[in-house]
Amino acid sequence: MSGLIKARSLSMVPPMAGGGQGLPPLSCLYLVSSFLAMEPTDTVLTYARLCGGGSVTESVQRFIWDRCLREAIGKSHAPYLRNFLKKLISEIELKHGDVLDELYELLTNSLAYSNEANSLNGNVRALKCISFLFPEDFYEHQSCSMTNRLLVSLSCSLNMLEGDTGCSIWPSSLFLAEYILSYPQIFSKKSCFELGSGVGLVGICLAHAKANEVILSDGDLSTLANMKLNLSLNNLNLDDNHEFEYLKSQSSVKCLHLPWESAAETELLALNPDIILGADIIYNPSCLPDLVRVLSTLLHHEKSRSPFEDMSSPKEHPVAYISSVIRNTETFDRFLGLLEAANLAIVDLTPTCQPLSLLPYMQSYNRSTIRFFMLSGKQNGSQASQSSLKLGCIPAN
Ligand SMILES: C[S@@+](CC[C@H](N)C(=O)[O-])C[C@H]1O[C@@H](n2cnc3c(N)ncnc32)[C@H](O)[C@@H]1O
């Protein structure tokens, strides 16, 4: 299983078994994961009920207190915590159950808590923890303390509609993250460059997949600042050259301020990536010509070899993986037209290359809305498409 991520390389958390005595482990896992990811409180309550066989029993409350709330005090987004506690307590009271004293106490304290700490430049930011849940046999287990859960912490905006789009977690990046973690062998030892990286989730997953080099970029400076915060939250350290080095691995992560409109050809060619990635970047018609110009420069560039590579093997051209929700077909058709004019090939991978479902508890994430494409330069388009397609469809284990 080469290329797979070793469990100890991440912020892994202990398994649920033992955390909630006598409670169903899968429902417990979904309960904690949905709470940490700040899923709608009704979703979290659904899992709480499932844990208790239909109601939020005392042992479920104890489990919630131990595994969700105690950790969240002072860190969690206060209005979310308050709302969850209110709904939890009223659900228990409605069913004439006994509410744990700790829950009442925390609600009283949280009602008195000022919301100021959660405001940054007028925009509400929260810390969401996304748990990627792997199938039982996905990892090589090296000791019984290792688990199949990978936790990624992300500072993000809760308001998608007011500017700041790069500080929200968009479903396309959840999909791309699932793809990278499902097929790490595609990205391992490769140089990867992402356009419009937003919160940095894709880059964090690329580092976990042991990409040789990860370069993230965005055109928005506040998004870039938030992305850097997220890299450090996930143990990707900023070194003296302002590059992040993945602890205990060879991967380095760089963050670039790169508006597509002003990206110079020399700057792009110097990146020399094997793989280009983008999640939810095809939505603004006025940006499309520059986006396609950037893609075309990168994809038509013959990748230069390092001195250690085999000089007799054929030179490779880069490929791009783009995940997208198509909200407006006219905008997407315009993108296709620009690709054609730039001599770029596009293959729809959606029907054939679905990643593992690593976020099964996340009811707010609807994978069926997401399309997944591979782009390449046309001169070797068919060859590149076929080899990558083949790779992408082989399950990691
Ligand atoms: C909808 S968000 C997607 C963010 C992230 N990829 C995700 O899926 O969660 C689009 C991202 O592209 C960036 N972006 C939009 N137009 C851009 C441009 N012209 N140049 C560079 N970045 C741009 C935005 O700042 C934002 O981070």
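What you see is a predicted model; the values in this text were computed from it and never measured.

Definitions and cut-offs
Residues numbered from 1 in each chain as written. Predicted model: local features only at pLDDT ≥ 70, side-chain atom pairs only at ≥ 80, totals over all residues. Near = placed C-beta within 6 Å. Nonpolar A, V, L, I, M, F, W, Y, C, P; charged D, E, K, R; others polar. Helix = DSSP H or I, 4+ residues; strand = E, 2+ residues; numbered from the N terminus. Expected span 1.5 Å × (residues − 1). Buried ≥ 20, exposed ≤ 12 C-beta atoms within 10 Å, placed from the backbone. Arc of directions from axis to C-beta. Core = buried A, V, L, I, M, F, W, Y, C linked by C-beta atoms within 7 Å. Domains from an automatic or database assignment. Contact = placed C-beta atoms within 7 Å. Pairing = 2+ DSSP bridges. Right-handed = clockwise from strand over helix to strand, strands pointing away.

### What about the site of the ligand?
Looking at the ligand, there are 22 residues lining it, with Gly166, Ser173, Gly196, Gly198 and Gly219 nearest. Class assignment for the residues of the shell around the ligand results in eight nonpolar, 10 polar and four charged.

### Notes on helix α9 (residues 221–233)
For α9, which comprises 13 residues, the first-to-last C-alpha distance of 19 Å matches the rise-based estimate of 18 Å (1.5 Å per residue) to within 8%. Every buried residue of α9 is listed here: Thr223, Leu224, Asn226, Met227, Asn230 and Leu231. All buried residues of α9 lie within an arc of 165° about the axis, which places them on one face of the element. Exposed residues on α9 whose side chains face more than 90 degrees from its buried face are Leu221 and Ser232. Where α9 terminates, the next one or two residues include Asn235, which has phi positive at roughly 65°.

### Comments concerning the nonpolar core
Ile180, Leu206, Leu295 and Ala320 are the most contacted members of the largest nonpolar core, which has 108 residues in total. Residue assignment places this core across two domains, with domain 1 (11–113) and domain 2 (160–392) each supplying three or more. With residues up to four places along the chain from it excluded, the contact list for Leu295 reads Ile276, Ala320, Leu344 and Leu375.

### Considering the pairing of strand β5 (residues 213–218)
Here β5 lies mainly inside the structure; six of its six residues are buried. Burial along β5 is two-sided: the face carrying Glu213, Ile215 and Ser217 and the face carrying Val214, Leu216 and Asp218 are both buried. Relative to β5, strand β4 (residues 191–195) is paired through four bridges, and the arrangement is parallel. Bridge pairing links Phe193 to Ile215 in β5. Considered for its hand, the β-α-β crossover made up of β4, helix α8 (residues 201–208) and β5 is right-handed. As defined by bridge partners, β5 adjoins strand β8 (residues 252–257) across six bridges and the pair is classed as parallel. By the bridge assignment for β8, Glu213 is matched with Ser252.

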